[in-house]
Amino acid sequence: MNSKTDHIRLKELFRPLRESMADFSEGNVRRSIHALFTSDTTIRMCHPFGDLNGPDNFFENVYKPLILSIPDLERRDLIILAGTTPEGQDWIGTMGNYMGTFLSPYLDIPATGHLVHMRYHEFFRFQNDKVIEIQAIWDIPELMMLANSWPMAPQLGAFLCTPAPMTGDGLGVSGSGEENIDRVKNMLTDLCRHPADPNPEVMNLEKHWHRNFNWYGPTGIGTSRGVSGFRHWHQIPFLRGMPDRKLDATGDRLASMEISDLISHWIAEGSYVCETGWPNMRMNLSHDGWMGIAPSGKQIELRSLDFWRLQAGLIRENWVLVDLLDVYRQVGVDVFARLKEFNKARSVYPINNNKEIT
């Protein structure tokens, strides 16, 4: 699929799933998943779900536990992009928030009885009008933060419910965005010049980023504003802990075996670009460590699913989700075991939200 019309068709194929999840009911969601997926669709989910196959495993292991914990669950899409990668694959990239009343513990996260939000970045690969692969990260640590049950190091950036694009057009994006893919890849290429060259100016941040850009990072890192905020609350700690990072910054199949398996899938529409990689970064955790994780010297891989919005050729907003729980898993830290230790004295019973409060 290469034309604008085909991108619209992809979104139309995806629409029944979105509509069934706007007001979750088990029957409707099951039917829409079965209608869109093949019997052996590959589902690559963030930790602790792992890789699954087929629509029934997807619903039973991923969505059903969430619905049991948040019975009035709703999906609120904020960005939807459709396109064909340079390799000829058709993808849809979506960003938004799952929201609802948190009434029963979820993955041992204590229920709050209040409205909660959990950001998702989900990418769907289509072939013959069916979804044959999913790559998805849910910001499960966001629920931990909202439940006041945080088991990891304090985050440096701000914590907030991730907003829609300031232009309000994330659900109606159209038009060619190929030139913006090149702009984002050029930005990543410049970022990778440091710290091999220790001068931070080689990253050319002011050349690529709007002076008032917002960087919406995952819970555990947080959100920042402008070059100064980005450097202080994310980039400096990240580079101190993992200065030898390798990533597929171009989307090309590179000759070096060191990074040839770090595959990124890029699509763009209008002023938006998105990329998914499973994984797309590799580095050694060393020097100062990262996010309170000790510098173990272990090699780790990152799954990063990103969205960018450009304005007059500069990046104005960047939504980033990294599978941070999987990073902890790779270095031998069981975040969910820590969660249970921190919260063993708290109630694990469901909350009766229908009981009258007097």
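Above this text is the structure in question.
Read on for an overview of the structure. (Residues numbered from 1 in each chain as written. Predicted model: local features only at pLDDT ≥ 70, side-chain atom pairs only at ≥ 80, totals over all residues. Heavy atoms only, no water.)

### Describing the pattern of salt bridges
Now for step 1: Taken as a whole and assessed by the stated rule, the structure comprises 22 salt bridges.
Now for step 2: Note that Asp326 and Arg303 form a salt bridge whose closest N and O atoms lie 4.0 Å from each other. Of this pair, Asp326 sits in helix 8 (residues 324–330) while Arg303 sits in the loop between strand 13 (299–302) and strand 14 (304–311), placing them 23 residues apart in sequence. For the pair formed by Asp326 and Arg303, the shared burial category is buried.
Now for step 3: Bridged by salt links that share partners, the residues Arg18, Arg75, Asp77 and Glu122 form one connected network. (Salt bridge = Lys/Arg side-chain N within 4 Å of Asp/Glu carboxyl O. Helix = DSSP H or I, 4+ residues; strand = E, 2+ residues; numbered from the N terminus. Buried < 20%, exposed > 50% of the residue type's maximum accessible area, 1.4 Å probe, protein only.)

### Overview of the nonpolar core
Now for step 1: Tyr63, Trp138, Met144 and Trp290 are the most contacted members of the largest nonpolar core, which totals 103 residues.
Now for step 2: Residue contacts for Tyr63: discarding those within four places in its chain leaves Met21, Phe24, Ile33, Phe58, Arg75, Tyr98, Glu122 and Trp138. (Core = buried A, V, L, I, M, F, W, Y, C linked by side-chain atoms within 4.5 Å. Contact = heavy atoms within 4.5 Å.)

### Digging into the pairing of strand 6 (residues 130–138)
Now for step 1: Within strand 6, seven of the nine residues are buried, which leaves it mostly tucked inside the rest of the structure.
Now for step 2: As defined by bridge partners, strand 1 (residues 37–45) adjoins strand 6 across five bridges and the pair is classed as parallel. Pairing of Ile43 across the sheet is with Ile134, part of strand 6.
Now for step 3: When strand 5 (residues 115–127) meets strand 6, the two strands line up antiparallel, connected through eight bridges. Across the sheet, Phe126 pairs through a bridge with Val131, a residue of strand 6.
Now for step 4: Turn length for the strand 5-strand 6 hairpin, with the two strands adjacent in sequence and antiparallel, is two residues, and the turn residue Asn128 shows positive phi of about 55°. (Pairing = 2+ DSSP bridges.)

### Examining the packing of helix 2 (residues 26–36) against helix 3 (residues 55–69)
Two quantities define a packed helix pair, namely the angle between the helix axes and the distance between the axes.
Now for step 1: Taken N-terminus to C-terminus, the directions of helix 2 and helix 3 make an angle of 140°; their axes are 9 Å apart at the nearest point. On the basis of their axis angle, the class for helix 2 and helix 3 is oblique. At the point where helix 2 passes helix 3, the crossing takes the right-handed sense. For the pair helix 2 and helix 3, the contacting residues are Glu26, Val29, Arg30, Ile33 and His34 in the first and Pro55, Asp56, Phe58, Phe59, Glu60, Tyr63 and Lys64 in the second.
Now for step 2: Looking at the contact of helix 2 with helix 3 residue by residue, the classes come out as six nonpolar, one polar and five charged. (Axes fitted to C-alpha atoms, helices over the stretch in contact; angles between N-to-C directions. Parallel < 35°, antiparallel > 145°, perpendicular 65-115°, else oblique. Left-handed = near helix turned anticlockwise from the far one by under 90°. Nonpolar A, V, L, I, M, F, W, Y, C, P; charged D, E, K, R; others polar.)

### Examining the state of the cysteines
Now for step 1: Inspection of every chain in the model, using the stated rule, returns zero disulfides.
Now for step 2: With no disulfide partner, Cys46 has as its closest neighbouring cysteine sulfur the one in Cys161, 17 Å distant.
Now for step 3: For Cys161, a relative accessible area of 32% puts it in the partly exposed group. (Disulfide = S-S within 2.5 Å.)

### Things to note about the environment of Pro154
Now for step 1: Mapped onto the elements, Pro154 comes out in the loop between helix 4 (140–146) and helix 5 (178–191).
Now for step 2: On the basis of relative accessibility, which here comes to 68%, the residue Pro154 falls in the exposed class.
Now for step 3: Once the C-alpha coordinates of Pro154 and Lys340 are considered, the two residues, 186 residues apart in sequence, prove to be 18 Å apart.

### Topic: helix 2
Now for step 1: When helix 2 is considered as a whole, its buried residues turn out to be Val29, Ser32, Ile33 and Leu36. Projection of helix 2 onto a plane perpendicular to its axis shows the buried side chains occupying an angular sector of 100°, all on one side. Along helix 2, the residues that are exposed and aim more than 90 degrees away from the buried face are Arg31 and Ala35. (Arc of directions from axis to C-beta.)

### Considering the side chain of His265
Now for step 1: Tracing the backbone shows His265 in strand 10 (residues 264–269).
Now for step 2: Judged by its relative accessible area of 10%, His265 is buried.
Now for step 3: Side-chain polar atoms of His265 contact the side chain of Gln89, separated by 3.4 Å. (Polar contact = N/O pair within 3.5 Å; in protein donor to acceptor, adjacent residues only side chain to side chain.)

### A few points about the packing of aromatic side chains
By convention here, two paired aromatic rings are described through the distance between centres and the angle between planes.
Now for step 1: The final tally for this structure, using the stated rule, is 18 aromatic pairs.
Now for step 2: Centroid distance Phe49 to Trp138: 5.9 Å. Interplanar angle 75°. Geometry classified as edge-to-face. Of this pair, Phe49 sits in the loop between strand 1 and strand 2 (51–53) while Trp138 sits in strand 6, and the two are 89 residues apart along the sequence. Across the pair, Trp138 and Phe49 agree in class, each one buried.
Now for step 3: Taking the centre distance of 5.8 Å and the plane angle of 70° together, the rings of Phe213 and Phe230 count as edge-to-face. One end of the pair, Phe213, is in strand 7 (residues 209–216); the other, Phe230, is in helix 7 (residues 226–241), with 17 residues separating them in the sequence.
Now for step 4: For Phe213, a relative accessible area of 0% puts it in the buried group.
Now for step 5: The exposure class assigned to Phe230 is buried, which follows from its relative accessible area of 5%.
Now for step 6: Here the aromatic residues Phe24, Phe37, Phe49, Phe58, Tyr63, Tyr98, Tyr120 and Trp138 are joined through ring pairs into a cluster of three or more. (Phe/Tyr/Trp six-rings, centres within 6.5 Å; stacked < 30°, edge-to-face > 60°.)

### Regarding the sheet that holds strand 4 (residues 90–101)
Hydrogen bonding along the main chain pairs the strands of a sheet, whether they run parallel or antiparallel.
Now for step 1: If you trace the six strands from one edge of the open sheet to the other, you get 2-1-6-5-4-3, paired in mixed fashion. A single partner strand is all that each edge strand has here, and the edge strands are strand 2 and strand 3 (74–84). Adjacent strand axes in the sheet meet at a mean angle of 15° when their direction is disregarded.
Now for step 2: Helix 2 rests against strand 1, strand 5 and strand 6 of the sheet, and its axis sits at about 105° to strand 1.
Now for step 3: Along the sheet, helix 3 makes contact with strand 1, strand 2, strand 3, strand 4, strand 5 and strand 6, crossing strand 1 at roughly 55°.

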